[in-house]
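Next come the chains, spelled out residue by residue.
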Amino acid sequence: MAAAYLSPTPTFFPPTTTTTPTFRTLLHFKPTLSPKHSFKTLCSRRPQYIPNHIPNPNYIRIFDTTLRDGEQSPGATMTTKEKLDIARQLAKLGVDIIEAGFPASSEADLEAVRLIAQEVGNNVVGEHEHEHEHDYVPVICGLARCNKNDIDKAWEAVKYARFPRIHTFIATSEIHMKYKLKMSKEEVVDKARSMVAYARSLGCQDVEFSPEDAGRSDREFLYEILGEVIKAGATTLNIPDTVGYNWPREFGQLIADIKANTPGIENVIISTHCQNDLGLSTANTLEGAYNGARQLEVTINGIGERAGNASLEEVVMTLKCKGELLGGLYTGINTKHIVMASKMVEEYSGLLVQPHKAIVGANAFAHESGIHQDGMLKNRSTYEIMSPEDIGLFRSNEAGLTLGKLSGRHALKAKLLELGYDIDGSELNDLFWRFKSVAEMKKVITDDDLIALVSDEVFQPKVIWKFGDVQVTCGTLGLSTATVKLIDVDGEEHVSCSTGTGPVDAAYKAVDLIVKAPVKLLEYSMSAVTGGIDAIASTRVVIAAENDHTTTHASGEKITRTYSGTGASMDIVISSVRAYVGAINKMLGLKKQQEDVRVEEAVKVNN
C-alpha cells in the first residue's frame with residue numbers, strides 16, 4: 001500500500017470485463033473476519049488510491065468541495081492562508097479528494113490551488129492521524145469548464161500534487177444547452193469528449209467529468225455522453241443534481257440507471273454532487289451511494305451557493321452509524337476532527353452554523369426537556385445515537401473546568417479542547433492574553449465567551465492593519481465623533497478622527513481615512529454572546545470593494561467578491577471596529593496577492 005502512495009504517478013487500472021457487484025448484492029455481503037479483525041477494524045482501512053478503481057467495493061471516497069463550491073456562497077471569500085489552513089484540516093480529517101478551487105477564475109485562485117497542491121498534496125499524514133494507514137496523501141483537484149484555457153489553468157495549479165486531478169464539466173440538460181450554451185447535443189458530446197482527451201494529453205491521469213444539471217437531463221443522452229468521455233479517458237463520472245431538483249428515490253434511480261446502461265461504466269468511479277435547494281442533498285447523496293456511487297461530493301457545514309450542498313458531517317456520520325446495515329459502506333474520515341473543521345470553516349467563511357444544524361450545531365447535543373434529561377442521566381443512548389466525543393466535542397460539564405482570572409494556559413488549552421478547538425503555539429499565547437484581559441472584568445468566562453474570543457483572535461486574516469485604540473463621543477447633545485488608531489505592518493501608528501450618524505458610523509469613517517481603500521458596507525449584525533450587562537458583543541460585517549474586485553463564477557458569470565469579518569469585545573464599538581478591520585484585511589490581502597502574482601508573471605515573461 002505504501003508503495004502505491006509513493007509512486008510518482010497514480011497507477012491506472014486497466015479496463016476489465018469483470019462485473020462489479022451491484023449494491024443490491026452488497027446488502028447481503030458479510031465480511032469473513034479473522035478473530036483479530038473486527039468489522040470496525042476492516043472499515044478503518046483506506047484502500048490504495050487508483051484513479052478509476054477502488055479495490056474494496058465497500059469503500060466510499062469523500063470529495064470535499066468547501067474551497068470551491070463552498071466559497072461561492074455570498075460573503076464567503078477566503079484568503080490564501082485561510083484556504084491553506086482549511087486544506088490542512090481536511091487532510092487531518094482524512095478527505096480523499098480536496099477540490100481546492102477554480103483556477104481559471106482568477107490568478108489569485110490559481111495561486112491558492114497551486115500552493116495547496118504543493119504543500120497539502122505532498123504531505124504524508126501518518127499513523128498517528130489515521131489508524132491502520134501508513135501513507136495517506138489527499139488528491140488535489142481543480143475545476144475547469146470544458147475549454148482548453150480552463151483545463152490548462154487547472155493543470156498548471158494541480159500538477160505539483162502527488163495525486164493531481166482535473167475536474168471538467170459541461171451542461172447536458174435541455175434547458176441549459178438551449179439557453180445557456182446554445183449548443184446542440186452533438187456539439188456538447190464532441191466538446192466533452194475532446195476536452196477530457198485534452199486533459200489526459202497534458203499528463204493528467206486522473207480526470208473527473210460532470211454533466212452539469214444531470215438531474216434534469218435526458219437519460220439516453222446521459223448514457224451516450226458518459227460513454228464517450230469514458231472512452232476519452234475519464235476516471236470518475238460525477239452526477240450532479242445541480243439545482244437540487246431531485247428527490248431521493250428519483251436520484252437513486254438515476255444512479256442505478258447510469259450504472260446499468262452506460263458502456264464502460266465498470267471501468268470508472270460514479271460520484272454524486274447534490275445541491276440542497278429542497279433540503280434533500282444529504283438524503284440524495286446517501287441514496288446515490290446506496291445505488292452504487294462510490295465517491296460523494298460534500299462541503300463542511302453544507303455551505304455552497306444558494307441553499308448549499310450535501311453536508312460532509314451529515315453524510316459521514318450517517319455512514320458511520322448505518323454503514324454496517326448498508327452492506328459495509330464506510331469512509332476513511334477521522335471523525336474526531338469534524339468539530340474543528342466545522343468551526344474553522346464557519347469562522348473563515350463568515351457563514352454561521354444554525355444552532356439546530358445536525359451534528360455540529362450548538363444544540364446538536366443539548367437536552368432541555370425534563371423527559372430527555374432524565375433519560376440522558378440514566379443512559380446516554382436513550383436520546384443520543386452518537387457520542388459528541390465521536391466528532392471531537394467533549395462535554396464541559398463532565399470535565400468540571402471553570403475559567404476565571406486565575407486560570408493558566410494549561411487550563412485554557414484543556415477547555416478549548418473540550419469545545420473542539422485544537423490550538424497551540426503563538427495562537428494559544430495570543431488568545432491567553434485576550435482571555436486574561438476579559439477575565440479581569442468578568443468573574444466567570446463562559447464557553448460562549450471563549451468561542452467569541454477564539455473567533456476574534458485566532459480565526460483572523462493576515463494582519464495588514466492592526467486594531468490599536470478607539471475613543472468615541474456620542475449622545476443626544478451633539479454629533480457622534482470617533483478617534484481611531486491603527487497600526488500598519490511596519491509597526492507605525494496611524495490616527496484619524498471623523499464624525500458620523502452614530503459611534504460605529506463615525507469609527508468606520510475614521511478607519512476609511514486611514515486605510516484609504518474605499519469599501520461598501522453590505523451587512524452589519526451584532527449579538528450578545530451571553531446574558532448579563534457584562535456580555536461580550538460579537539459583530540459580523542460583510543463588505544465589498546468599491547473598485548469592484550470581480551471573479552469568474554464556474555458558470556462563466558462575473559461576480560463581485562464580498563468579504564466578511566468578525567470581532568468580539570465587551571465594548572460594542574471596539575467589537576464593531578475589529579470586525580470591520582478584519583474584513584478590510586481580508587480584502588487587501590487578496591488584492592496584494594493578486595498584485596504579487598501579476599508581478600511574478602511579468603518577470604517570467606521578461607525573462
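Not measured: the values here are computed from a predicted model.

Trainee: Break down the overall build of the protein for me, with residues and values.
Mentor: Secondary structure assignment for the protein yields 20 helices and 16 strands. Partitioning the contacts of the protein with sequence separation of at least 6, the portion at a separation of at least 24 is 68%. Element-wise, carbon and sulfur atoms account for 54% of the exposed surface of the protein, whose accessible area totals about 26,100 Å².

Trainee: Just give me the short version of the sheet that holds strand E1 (residues 61-64), but keep the residues and values in it.
Mentor: Spatially, the eight strands close up into a barrel ordered E1-E2-E3-E4-E5-E6-E7-E8, and their pairing is parallel. This sheet shows a mean twist of 25 degrees between the axes of neighbouring strands, independent of strand direction. For strand E4 (residues 164-171) and strand E5 (residues 207-212), the ladder comprises six bridges, and the chain directions are parallel. If you follow threonine 168 over to E5, its bridge partner there is phenylalanine 209.

Trainee: Pulling in residues and values, what's your account of the sheet that holds strand E16 (residues 563-569)?
Mentor: Strands sit in the order E12-E13-E16 across an open sheet of three strands; the sheet is antiparallel. The open sheet is flanked by strand E12 (519-528) and E16, the only strands paired with a single partner. The average undirected angle you get between the axes of adjacent strands in this sheet is 20 degrees. Alignment of strand E13 (residues 537-545) against E16, held across seven bridges, turns out to be antiparallel. Bridging from a neighbouring strand, alanine 537 pairs with serine 569 of E16.

Trainee: Talk me through the side chain of threonine 77; I want residue IDs and the actual numbers.
Mentor: Tracing the backbone through its elements, the reader meets threonine 77 in the loop between E1 and helix H4 (80-93). Among the polar contacts made by the side chain of threonine 77, one reaches the main-chain carbonyl oxygen of threonine 562 at a distance of 2.8 Å. With sequence-adjacent residues up to four places away left out, threonine 77 is seen in contact with Glu71, Glu82, Tyr348, Arg561, Thr562, Tyr563, Lys586 and Leu590.

Trainee: Account for unusual backbone geometry, with residues named and values stated.
Mentor: In this structure, asparagine 301 is a non-glycine residue whose phi angle is positive, near 65 degrees. Note on placement: asparagine 301 falls in the loop between strand E8 (295-298) and helix H12 (312-322). Taking the relative accessible area as the measure of exposure, asparagine 301 reaches 11% and is therefore buried. Of note in this structure, isoleucine 359 is not a glycine but carries a positive phi near 75 degrees. Relative to the helices and strands, isoleucine 359 resides in the loop between helix H13 (338-349) and helix H14 (370-378).

Trainee: Lay out the packing of aromatic side chains with the relevant residues and their values.
Mentor: Under the criterion given, the structure shown has eight aromatic pairs. On the basis of an interplanar angle of 45 degrees and a centroid distance of 6.2 Å, the ring pair of tyrosine 421 and phenylalanine 459 is categorised as tilted. Taken together, the residues tyrosine 421 in the loop between helix H16 (409-418) and helix H17 (425-439) and phenylalanine 459 in the loop between helix H18 (447-457) and strand E9 (465-473) connect sequence positions 38 residues apart. Among the aromatic residues, those joined into a cluster by ring pairs are Tyr348, Tyr421 and Phe459. Stacked on the ring of tyrosine 136, the Lys or Arg arginine 46 has its end atom at 4.1 Å from the ring centre.

Trainee: Can you lay out the pairing of strand E7 (residues 269-274) for me, pointing to particular residues and giving the numbers?
Mentor: E7 sits mainly inside the fold: six of its six residues count as buried. Both faces of E7 are covered, namely the face carrying Ile269, Ser271 and His273 and the face carrying Ile270, Thr272 and Cys274. Two strands pair when backbone bridges link them, and strand E6 (residues 236-241) and E7 are joined in this way by six bridges, in the parallel orientation. Bridging across to E7, asparagine 238 finds its partner in serine 271. Each parallel crossover has a hand, and the one from E6 via helix H10 (residues 248-261) to E7 is right-handed. With three bridges joining them, E7 and E8 adopt parallel strand pairing. Its bridge partner being in E8, serine 271 is matched across the sheet by glutamine 295. After leaving E7, the chain enters helix H11 (residues 281-290) and then returns to the sheet as E8, a path that is right-handed.

Trainee: Summarise the packing of H16 against H17; cite the residues concerned and give the values.
Mentor: Packed helices, taken two at a time, are described by the angle between their axes plus the distance between the axes. Following both chains from N to C, one finds H16 and H17 inclined at 105 degrees, their axes separated by 10 Å at the closest point. Classified by the interaxial angle, the pair formed by H16 and H17 is roughly perpendicular. Each of Arg409, Leu412, Lys413 and Leu416 in H16 lies in contact with H17, whose residues at this interface are Leu428, Asn429, Leu431, Phe432, Trp433 and Phe435. In the contact of H16 with H17, the residues fall into seven nonpolar, one polar and two charged.

Trainee: Which residues make up the pairing of strand E11 (residues 493-500), and what values do they have?
Mentor: Examined bridge by bridge, strand E10 (residues 480-488) and E11 share eight bridges and lie antiparallel to one another. Opposite alanine 482, over in E11, you have serine 498 as the bridge partner. Once E10 ends, the chain turns through four residues before running back antiparallel as E11, passing glycine 491 with a positive phi of about 90 degrees.

Trainee: How would you sum up the nonpolar core? Please name residues and give values.
Mentor: Core analysis: the largest hydrophobic core is formed by 112 residues, its most contacted members being Ile62, Leu93, Ile166, Phe209, Leu237 and Phe435. At eight residues, helix H9 (residues 219-232) tops the list of elements feeding residues into this core. Residues Leu486, Val573, Tyr580 and Leu590 belong to the second largest nonpolar core, which totals 31 residues.

Trainee: Lay out the pattern of salt bridges in plain terms, naming residues and giving numbers.
Mentor: Per the counting criterion, the structure on display carries 31 salt bridges. Arginine 216 serves as the salt-bridge partner of aspartate 213, at 3.0 Å between the closest nitrogen and oxygen. Take aspartate 213: its relative accessible area is 0%, and that puts it in the buried class. Between glutamate 313 and lysine 357 there is a salt bridge, and its shortest N-O distance comes to 2.8 Å. Pair noted here: glutamate 313 is in helix H12 and lysine 357 is in the loop between H13 and H14, with a separation of 44 residues, a long-range link. Counted as one network, the salt bridges with shared partners bring together Glu71, Lys83, Asp109 and Arg561.

Trainee: I'd like a rundown of H13, residues and numbers included.
Mentor: In this model, H13 (twelve residues) spans 16 Å end to end at C-alpha, consistent with the 16 Å of a helix rising 1.5 Å per residue. Among all positions of H13, only Ile338, Val339, Met340, Ala341, Ser342, Lys343, Met344, Val345, Glu346, Glu347, Tyr348 and Ser349 are buried. At the C-terminal side of H13, glycine 350 shows a positive phi close to 80 degrees.

Trainee: Give me the environment of tyrosine 59: which residues, what numbers.
Mentor: Within the secondary structure, tyrosine 59 sits in the loop between helix H3 (39-42) and E1. Each C-alpha atom of the pair tyrosine 59 and glycine 328 lies 8.3 Å from the other, and the pair is 269 residues apart in sequence. Those residues in contact with tyrosine 59 that lie beyond four places of it in its chain are Arg45, Arg46, Pro47, Ile54, Asp96, Arg294, Tyr330, Thr331 and Gly332. A distance of 2.7 Å separates a polar atom in the side chain of tyrosine 59 from a polar atom in the side chain of aspartate 96. A polar contact of 3.3 Å, which involves the side chain of tyrosine 59, links it to the backbone nitrogen of glycine 332.

Each value, and the rule that gives it
- Residues numbered from 1 in each chain as written.
- Predicted model: local features only at pLDDT ≥ 70, side-chain atom pairs only at ≥ 80, totals over all residues.
- Heavy atoms only, no water.
- Helix = DSSP H or I, 4+ residues; strand = E, 2+ residues; numbered from the N terminus.
- Contact = heavy atoms within 4.5 Å.
- Areas by Shrake-Rupley, 256 points an atom, 1.4 Å probe, with all protein chains shown as cover.
- Pairing = 2+ DSSP bridges.
- Axes fitted to C-alpha atoms, helices over the stretch in contact; angles between N-to-C directions.
- Polar contact = N/O pair within 3.5 Å; in protein donor to acceptor, adjacent residues only side chain to side chain.
- Buried < 20%, exposed > 50% of the residue type's maximum accessible area, 1.4 Å probe, protein only.
- Phe/Tyr/Trp six-rings, centres within 6.5 Å; stacked < 30°, edge-to-face > 60°.
- Lys NZ or Arg CZ within 6 Å of the ring centre and 35° of its normal.
- Right-handed = clockwise from strand over helix to strand, strands pointing away.
- Parallel < 35°, antiparallel > 145°, perpendicular 65-115°, else oblique.
- Nonpolar A, V, L, I, M, F, W, Y, C, P; charged D, E, K, R; others polar.
- Core = buried A, V, L, I, M, F, W, Y, C linked by side-chain atoms within 4.5 Å.
- Salt bridge = Lys/Arg side-chain N within 4 Å of Asp/Glu carboxyl O.
- Expected span 1.5 Å × (residues − 1).

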